[in-house]
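Chains, contacts and geometry: an overview
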Amino acid sequence: MTRLRFALCGVLAAVAGIAAGHLLAAFLSPAASPVLAIGSTVIDLTPTPVKEWAIATFGTADKVVLQGSVLVGTLVLAAVAGLLARRRTPFAVGLIVLLTGLAGAAALLRPAASPRDALPSVTAMVCGVVVLVLLGRLAARAEGTPAEGTPGPRAAGMRPRADDTSRTSPRPARRRFLGGAAGVAVLSVLAAAGGQLRAGAQKAKQIVLPKPKDPARPLPQGLESTVKGISPLRTPTEKFYRVDTNLVVPQVDVDGWTLQVDGMVERPFTLTFAELSALPLIERDITMTCVSNEVGGGYIGAARWLGIRLTDLLDRAGVKGSPDQLLSTAVDGFTISTPLSVVRDGRDAMVAIGMNGAQLSDTHGFPARLITPGLYGFVGATKWLTKLTLTTYAADQAYWTKRQWATDAPIRTSARIDTPAPLSTIPAGQVAIGGVAWAQHRGVGKVEVKVDDGPWQATKLGPDVGIDYWRQWFLPWDAQPGLHRLSVRATDLQGRVQDARRATPFPSGSSGIQEVVVTVT
Ligand SMILES: Nc1nc2c(c(=O)[nH]1)N[C@H]1C(S)=C(S)[C@@H](COP(=O)(O)O)O[C@H]1N2
Ligand SMILES: [Mo]
């Protein structure tokens, strides 16, 4: 019981510290919240194979799992600190100081950190130590022996007196301990909830986007109106996949935001958001894909983007020397490198400020992001963009290239079966097998489906929205009772068939043929 009480002291000290730090961070810099700062550092330090395993195992829940693990780890160490507090208060205090110190260091070492990012962890340290010492005293009284360092009878060199309440009546002392513990717990929950509310209440400023000078053609009617279960031709923004290293979505103040163009250029310059959006705008339908997408996976989305042609910005700056890399930097210091030859080959690479007719959402990179048709997101789709630097691969490396991912990563041709769903049971008779296929910047030429060990059969393609966009397809099928295996493959407009060899996403994207097993009854 006594041990439990002291362990609880440690856990509550940690909870109080974490909550206080979280609340302060919500006002200063949300990503500097102690647990989040440690979590982000763990993400950056995790070796690539472990990261791949986490993404494959937990999918988009990987962040929740990571945060949970950091939290549980911290609480276990805090419980140890609590147990230490029973006999060796300085060690216990030392452990709390060490943990919060690590959080502070993590916050300060984030790429775009400022000195004040240490404040939430300092607050956590102070709160944690105070709670540990005070609750430790109450726990000691409840036990009947004052904790070391408290000015009790032993510290005064006396034997406990008979009328010492903490000795003779442990019951009220226990009640006081429980009261104190409950008080700390309630205040912590309030502080943490306050922090969450405050962070969530910050909304991006509403912007009126200018009209494009070079608009996209109206999007044709997609197959979703006729083939039930197929992905819509345009992915609604709220259904669009999200992939980034951020535990906290950056909240960018658009009035203070700038886009800087520098590096190996003749005329470096900086634009405000108003200046950037006053430049001629293009509007394009482009399908984005994440390199972590497994065959048949969902890290893909198709949207209408509004933005400034990247070459307009680069031409304005002028090239000096022979750069081969466009290094883009996000507001949090995250970097992406894009081959300059790709950026300049005539494709519609752009700094996007609009998505599906609205300003970018916070999760998709408000106020501006890079979009490079044909390349996986990690080499061409920098969100929360703030700087474009012309440089060389010899001189600079970006976040993922430092972690051994490919430097040039064109999206691999692939097809996905949306309907029927894997392992589903469907009634016999006429059904449609349908889905999407993509070969960005080369274009989808044909899509074929194979039922069991039959021949590859050509499917009917949906509307053509250009070579940078995905293509819906379907095949009417007279489904006979039994277990069936459906496979799909795409061929690009140059006649190259999707690679059937299985490959995992690392280092340049997955390949292989999706197979879906269904039961027909
Ligand atoms: N700042 C920043 N931009 C980023 C990333 C990131 O981690 N940070 N991830 C990239 C990756 S891997 C992909 S696939 C796309 C995903 O964009 P989305 O979340 O809008 O779908 O963003 C890219 N841009
Ligand atoms: Mo990605």
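Residues numbered from 1 in each chain as written. Chains lettered and ligands numbered in written order. Predicted model: local features only at pLDDT ≥ 70, side-chain atom pairs only at ≥ 80, totals over all residues. Heavy atoms only, no water.

Some points on the sheet that holds strand 13 (residues 429–438)
Taken together, four strands build an open sheet; the order of strands is 11-13-17-16 and the sheet is antiparallel. Lying at the two open borders of the sheet, with one neighbouring strand each, are strand 11 (414–419) and strand 16 (460–461). (Pairing = 2+ DSSP bridges. Helix = DSSP H or I, 4+ residues; strand = E, 2+ residues; numbered from the N terminus.)

Some details on the pairing of strand 3 (residues 282–289)
Buried residues dominate strand 3, accounting for eight of its eight residues. Alternating positions in strand 3 separate into two faces, Ile282, Arg284, Ile286 and Met288 on one and Glu283, Asp285, Thr287 and Thr289 on the other, with burial throughout. (Buried < 20%, exposed > 50% of the residue type's maximum accessible area, 1.4 Å probe, protein only.)

Overview of the packing of aromatic side chains
Following the criterion strictly, the structure yields ten aromatic pairs and no others. Where Trp257 meets Phe273, the ring centres are 6.0 Å apart and the plane angle is 70 degrees; that geometry is what we call edge-to-face. You can see Trp257 sitting in the loop between helix 8 (170–201) and strand 1 (258–263) and its partner Phe273 sitting in helix 9 (residues 273–277), a full 16 residues away along the chain. According to the relative accessible area criterion, Trp257 is buried, its value standing at 4%. Seen in terms of ring centroids, Phe334 and Tyr399 are 5.0 Å apart; in terms of plane orientation they differ by 40 degrees. Their pairing is tilted. One end of the pair, Phe334, is in the loop between strand 5 (325–330) and strand 6 (335–339); the other, Tyr399, is in helix 12 (residues 399–402), and 65 residues separate them in sequence. (Phe/Tyr/Trp six-rings, centres within 6.5 Å; stacked < 30°, edge-to-face > 60°.)

Considerations on the domain arrangement of the protein chain
Partitioning the protein chain into domains gives domain 1 (2–149 + 168–201), domain 2 (223–402) and domain 3 (414–520). A C-alpha centroid distance of 49 Å is found between domain 1 and domain 3. (Domains from an automatic or database assignment.)

What to know about helix 8
In a regular helix each residue adds 1.5 Å, so 32 residues correspond to 46 Å; helix 8 covers 46 Å between its end C-alpha atoms and thus fits that length. Buried-residue contacts for helix 8 involve helix 1 (2–28) and helix 6 (119–143). (Expected span 1.5 Å × (residues − 1). Contact = heavy atoms within 4.5 Å.)

Topic: the packing of helix 1 against helix 4 (residues 62–87)
Interaxial distance between helix 1 and helix 4 falls to 7 Å at its minimum, and their mutual angle equals 130 degrees. Comparing the axis directions of helix 1 and helix 4 gives the class oblique. Note on packing geometry: the crossing formed by helix 1 with helix 4 is right-handed. Where helix 1 abuts helix 4, its residues Thr2, Arg3, Phe6, Ala7, Gly10, Val11, Ala14, Val15 and Ile18 lie against Leu71, Thr74, Leu75, Ala78, Ala79, Gly82, Leu83, Ala85 and Arg86. Tallied by class, residues from the contact of helix 1 with helix 4 come to twelve nonpolar, four polar and two charged. (Axes fitted to C-alpha atoms, helices over the stretch in contact; angles between N-to-C directions. Parallel < 35°, antiparallel > 145°, perpendicular 65-115°, else oblique. Left-handed = near helix turned anticlockwise from the far one by under 90°. Nonpolar A, V, L, I, M, F, W, Y, C, P; charged D, E, K, R; others polar.)

Remarks on helix 3 (residues 48–58)
Burial in helix 3 covers these residues: Thr48, Lys51, Glu52, Ala54 and Ile55. For helix 3, the buried positions fall inside an angular range of 160 degrees around the axis, keeping them on one side. In helix 3, those exposed residues whose orientation departs by more than 90 degrees from the buried face are Pro49, Trp53 and Ala56. The inward-facing, buried residues of helix 3 contact helix 2 (34–45), helix 4 and helix 12. Where helix 3 ends, the next residue or the one after it, Gly59, has phi of about 60 degrees, a positive value. (Arc of directions from axis to C-beta.)

A look at the pattern of salt bridges
Tallied over the full model, the rule gives 21 salt bridges. Of the charged contacts, one joins Asp244 and Lys383 as a salt bridge, the two residues approaching to 2.9 Å between their closest N and O atoms. Here Lys383 lies in the loop between strand 9 (369–371) and strand 10 (385–391) and Asp244 lies in the loop between helix 8 and strand 1, a separation of 139 residues in the sequence. Here Asp453 and Arg485 are joined by a salt bridge, their closest N and O atoms 2.8 Å apart. One end of the pair, Asp453, is in the loop between strand 14 (444–451) and strand 15 (457–458); the other, Arg485, is in strand 18 (residues 482–492), and 32 residues separate them in sequence. Several salt bridges share partner residues, and in doing so they unite Lys63, Arg242, Asp244 and Lys383 into one network. (Salt bridge = Lys/Arg side-chain N within 4 Å of Asp/Glu carboxyl O.)

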